[in-house]
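So the chains spell out like this:
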Amino acid sequence: MTTPRDLADLYPYPQTGRPWIRTNFVSSVDGAVQDRRGVSGDLGGEADLRIFRVLRSLCDVVLVGAGTTRAEGYGPIPRESIHPELRDGRAEVPLLAVVSRSLDIPESLRRPGVLVVTCADSPDSERERLAQQVEVLVAGGAQIDWPAVLDSFAARGLTRVLCEGGPRLHGTLLDHDLIDEACVTVSPHLIGGPTKRMTETSTFTERAMRLSHVVEDGNVLLTRWLRDR
Ligand SMILES: NC(=O)c1ccc[n+]([C@@H]2O[C@H](COP(=O)([O-])OP(=O)(O)OC[C@H]3O[C@@H](n4cnc5c(N)ncnc54)[C@H](OP(=O)(O)O)[C@@H]3O)[C@@H](O)[C@H]2O)c1
């Protein structure tokens with residue numbers, strides 16, 4: 001039986017002295033990241049849940065787009081979702097950093113343990129209201145300034161970044177060539193219909209990746225890909 005520690009040993013964060021962005025998705029064999037309900041829910045089953053928890057346990061900050069938090073009903077990272085033995089002296093749970101321009105942030109996220117990342121062009125009144133409830137990081141004017149966000153993370157010691165999507169945030173990070181690593185659980189389904197893929201960009205964008213490993217967990221594959229710079 002593979003333990004969380006065994007799995008964690010396959011996912012070291014390199015010591016680069018800068019924030020390292022790992023992304024984690026579950027995808028059908030043919031690239032769908034949503035099930036029939038429009039969430040990732042049933043795609044990867046127990047195997048995906050196992051790796052999801054291990055990857056959360058290894059990071060300092062979970063970075064996620066507001067669209068995913070609204071679709072998937074996110075709250076601050078629950079203690080029960082974390083393996084304490086993998087925290088190695090880090091905070092008890094990772095911070096949750098939610099990326100949004102509209103600042104349409106669910107009530108469930110207006111809690112300690114949440115940081116909202118936005119730009120100065122977000123609605124002023126909502127930003128002021130939100131800042132009474134959670135920490136708000138304003139980086140950039142019309143668009144989010146990603147180097148500034150990562151500098152701010154680094155200054156706080158948040159160098160192990162785990163991006164849990166969704167496709168639009170992932171697309172932005174791909175555009176900026178900020179994805180260092182992609183962990184993809186391949187779920188045993190073919191899914192047609194109007195579903196999203198892992199990455200949404202407005203123009204064709206390609207980055208080379210190299211395979212780090214593939215682990216079979218029953219009928220599911222856990223794959224890890226590193227940016228081939
Ligand atoms: N299978 C999987 O592993 C997986 C993982 C994640 C998500 N998903 C699925 O993906 C779907 C959501 O897709 P999505 O593309 O809407 O997700 P998303 O990227 O999480 O959300 C898009 C929203 O996030 C904010 N955002 C993202 N990038 C931004 C940027 N660079 N600057 C400012 N704001 C930014 C914006 O929020 P505002 O609108 O608030 O401005 C934007 O409307 C859901 O169905 C979810 O279940 C699947």
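Located above this text is the structure these notes cover.
Keep in mind that what you see is a predicted model, and the values were worked out from it rather than measured.

1. Notes on the pattern of salt bridges
Here's step 1: Per the counting criterion, the structure on display carries 21 salt bridges.
Here's step 2: Of the charged contacts, one joins Arg110 and Glu126 as a salt bridge, the two residues approaching to 3.1 Å between their closest N and O atoms. Linking Arg110 in the loop between β3 (95-99) and β4 (114-118) with Glu126 in helix α4 (residues 124-131), this pair joins segments that are 16 residues apart in sequence.
Here's step 3: The closest approach of N and O atoms between Arg229 and Asp180, which form a salt bridge, is 2.8 Å. Of this pair, Arg229 sits in the segment after β9 (220-227) while Asp180 sits in the loop between α6 (167-175) and β7 (181-187); the two residues are 49 residues apart in sequence, bridging distant segments of the chain.

2. Concerning unusual backbone geometry
Here's step 1: Here the residue pair Gly165 and Gly166 is connected by a cis peptide bond, since its omega of 0° sits within 30 degrees of zero.
Here's step 2: Residue placement: Gly166 occurs in the loop between β6 (160-163) and α6.
Here's step 3: Phi angles above zero are rare outside glycine, and Leu103 is one such case at about 65°.
Here's step 4: Position of Leu103 relative to the elements: it lies in the loop between β3 and β4.
Here's step 5: Phi is positive for Asp177, which is not a glycine, with a value near 50°.
Here's step 6: Its location among the elements puts Asp177 in the loop between α6 and β7.

3. Section: the site of the ligand
Here's step 1: Lining the immediate surroundings of the ligand are 28 residues, of which Gly38, Thr68, Glu72, Ser100 and Ser102 lie closest.
Here's step 2: In this structure, Arg101 approaches the ligand through a main-chain N or O atom, which is 2.8 Å from an oxygen atom.
Here's step 3: Note that an oxygen atom of the ligand is positioned 2.8 Å from one of the backbone N or O atoms of Leu169.
Here's step 4: Burial of the ligand by the protein amounts to 89% of the accessible area it has alone, namely 910 Å².
Here's step 5: At a threshold of 2 Å from the grid points, most atoms of the ligand map onto the largest pocket.
Here's step 6: For the shell around the ligand, the elements supplying multiple residues, two or more each, are β1 (20-28), α3 (66-72) and α6.
Here's step 7: Looking at the shell around the ligand, the element that brings in the most residues is α3, giving six residues.
Here's step 8: For the shell around the ligand, a count of residues per class yields eleven nonpolar, eleven polar and six charged.

4. Quick word on the layout of surface pockets
Here's step 1: The space that makes up the largest pocket amounts to roughly 1,300 Å³.
Here's step 2: Surrounding the largest pocket, 47 residues form its lining, Gly65, Gly67, Thr68, Gly166 and Pro167 being those nearest its centre.
Here's step 3: Looking at the lining of the largest pocket, the elements with two or more residues in it are β1, α2 (45-58), α3 and α6.
Here's step 4: Its boundaries defined by the atoms lining it, the second largest pocket holds a volume of some 520 Å³.
Here's step 5: Around the second largest pocket sit 22 residues that line it, and His170, Leu174, Arg197, Met198 and Thr199 are the ones nearest its centre.
Here's step 6: Elements with a minimum of two residues in the lining of the second largest pocket: α6, β7 and β9.
Here's step 7: Here the lining of the second largest pocket is composed, by residue class, of nine nonpolar, eight polar and five charged.

What counts as what
Residues numbered from 1 in each chain as written. Predicted model: local features only at pLDDT ≥ 70, side-chain atom pairs only at ≥ 80, totals over all residues. Heavy atoms only, no water. Salt bridge = Lys/Arg side-chain N within 4 Å of Asp/Glu carboxyl O. Helix = DSSP H or I, 4+ residues; strand = E, 2+ residues; numbered from the N terminus. Near = heavy atom within 4 Å. Polar contact = N/O pair within 3.5 Å; in protein donor to acceptor, adjacent residues only side chain to side chain. Areas by Shrake-Rupley, 256 points an atom, 1.4 Å probe, with all protein chains shown as cover. 1 Å grid on protein atoms, 1.4 Å probe; cavity = no way out; pocket = protein on both sides within 12 Å on 5 of 7 lines; lining within 4 Å. Sits in = over half its atoms within 2 Å of the grid points. Nonpolar A, V, L, I, M, F, W, Y, C, P; charged D, E, K, R; others polar. Points joined across faces, edges and corners; volume = space filled by probe spheres on them.

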